[in-house]
Amino acid sequence: MSYLAYIAGVGVAVTVFLWLRDLRIFYRTGLSGYRKAGYLGVPYTALALLGFFVTAYAESWEFLGLGLVLLALYLQGQVDRENVWHGEGAGDRFFGRAKRTNDKGSRKRL
């Protein structure tokens, strides 16, 4: 394996991280844009994994594999999502700590 396979591996890790972050934000907010991003994260992660394996095991096609990983990252960033960030810090945005939605209304508990 060449060093390009390690670069492709980092790209796959980023793709998986962004997919799981979108799932976490959907779980906390219930917004449809993040649901769509969570669903589309599955084929984009598979595309990135395919690119990793092409880069790692097909020596003459290393750049094609890197292109597949970059394509997966690009497509994952093109999914329309709602804006859930209103003054949160960089750490909260990085880990997807969005505010939860109140599904039960504003009833007071006794």
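Everything discussed here concerns the structure shown above.
Residues numbered from 1 in each chain as written. Predicted model: local features only at pLDDT ≥ 70, side-chain atom pairs only at ≥ 80, totals over all residues. Heavy atoms only, no water.

> Which parts of the structure should I look at to understand the nonpolar core?
A general tendency of soluble globular proteins is for nonpolar side chains to be buried together. Listed in full, the 12 residues of the largest apolar core are L4, A5, A8, V12, L47, A48, F52, A56, L66, L68, V69 and A72. The set of elements that each furnish at least two residues to this core consists of α1 (3-29), α2 (32-57) and α3 (62-77). One finds I25, Y34, W85 and A98 within the second-largest nonpolar core, a separate group that totals five residues. (Core = buried A, V, L, I, M, F, W, Y, C linked by side-chain atoms within 4.5 Å. Buried < 20%, exposed > 50% of the residue type's maximum accessible area, 1.4 Å probe, protein only. Helix = DSSP H or I, 4+ residues; strand = E, 2+ residues; numbered from the N terminus.)

> Teacher, can you tell me more about the packing of aromatic side chains here?
Where two aromatic rings form a pair, the distance of their centres and the angle of their planes describe that pair. The full count for this structure, using the stated rule, is four aromatic pairs. Seen in terms of ring centroids, F53 and Y57 are 6.1 Å apart; in terms of plane orientation they differ by 15°. Their pairing is stacked. Here F53 pairs with Y57, and both are found in helix α2, just four residues apart, close to one helical turn. Each member of the aromatic cluster is reached from another via a ring pair, and the members are F17, F94 and F95. (Phe/Tyr/Trp six-rings, centres within 6.5 Å; stacked < 30°, edge-to-face > 60°.)

> Quick question: what am I supposed to make of the pattern of salt bridges here?
Side-chain pairs of opposite charge can arise where the charged atoms are in close proximity. For the coordinates displayed, the defined rule picks out one salt bridge. D22 is the partner of R81 in a salt bridge, and the nearest nitrogen-oxygen pair spans 3.0 Å. A residue pair is termed long-range when its members are at least 10 positions apart, and R81 in the loop between α3 and α4 (90-95) and D22 in helix α1 qualify at 59 residues. (Salt bridge = Lys/Arg side-chain N within 4 Å of Asp/Glu carboxyl O.)

> What is the right way to look at the environment of L50 in this model?
Turning to its location among the elements, L50 is positioned in helix α2. A relative accessible area of 46% places L50 in the partly exposed class. In this structure the C-alpha to C-alpha distance between L50 and V69, which are 19 residues apart in sequence, comes to 7.9 Å.

> Before we go on, may I ask you to explain a nonpolar patch on the surface in this structure?
A grouping of Y3, Y6 and I7 is seen on the molecular surface, where their side chains present a nonpolar patch of about 400 Å² in accessible area. Its relative accessible area of 61% is what places Y3 among the exposed residues. (Patch = residues over 30% accessible without salt bridge, like charges linked within 9 Å, V, L, I, M, F, W, Y side chains within 5 Å. Areas by Shrake-Rupley, 256 points an atom, 1.4 Å probe, with all protein chains shown as cover.)

> What should I look at first to understand α3 in this one?
Every α-helical turn comprises 3.6 residues, leaving residues that sit three or four positions apart pointing alike. The end-to-end C-alpha distance of α3, which contains 16 residues, comes to 23 Å, matching closely the 22 Å that a straight helix rising 1.5 Å per residue would cover. Along α3, the residues classified as buried are E62, G65, L66, L68, V69, A72 and Q76. Down the axis of α3, the buried side of the element spans an arc of 155°, and every buried residue falls inside it. Along α3, exposed side chains directed more than 90 degrees from the buried face belong to F63, L70 and Y74. Of the surrounding elements, those touching the buried residues of α3 are α1 and α2. (Expected span 1.5 Å × (residues − 1). Arc of directions from axis to C-beta. Contact = heavy atoms within 4.5 Å.)

> How should I be thinking about the packing of α2 against α3 in this particular structure?
Two quantities define a packed helix pair, namely the angle between the axes and the distance from one axis to the other. With their axes 7 Å apart at the nearest point, α2 and α3 run at an angle of 165° to one another. Judged by the inter-axis angle, α2 sits roughly antiparallel to α3. Between α2 and α3 the crossing geometry is left-handed. Where α2 abuts α3, its residues G41, Y44, L47, A48, L50, G51, F52, V54 and T55 lie against E62, G65, L66, L68, V69, L71, A72, L75 and Q76. Of the residues contributing to the contact of α2 with α3, the split by class is 12 nonpolar, five polar and one charged. (Axes fitted to C-alpha atoms, helices over the stretch in contact; angles between N-to-C directions. Parallel < 35°, antiparallel > 145°, perpendicular 65-115°, else oblique. Left-handed = near helix turned anticlockwise from the far one by under 90°. Nonpolar A, V, L, I, M, F, W, Y, C, P; charged D, E, K, R; others polar.)

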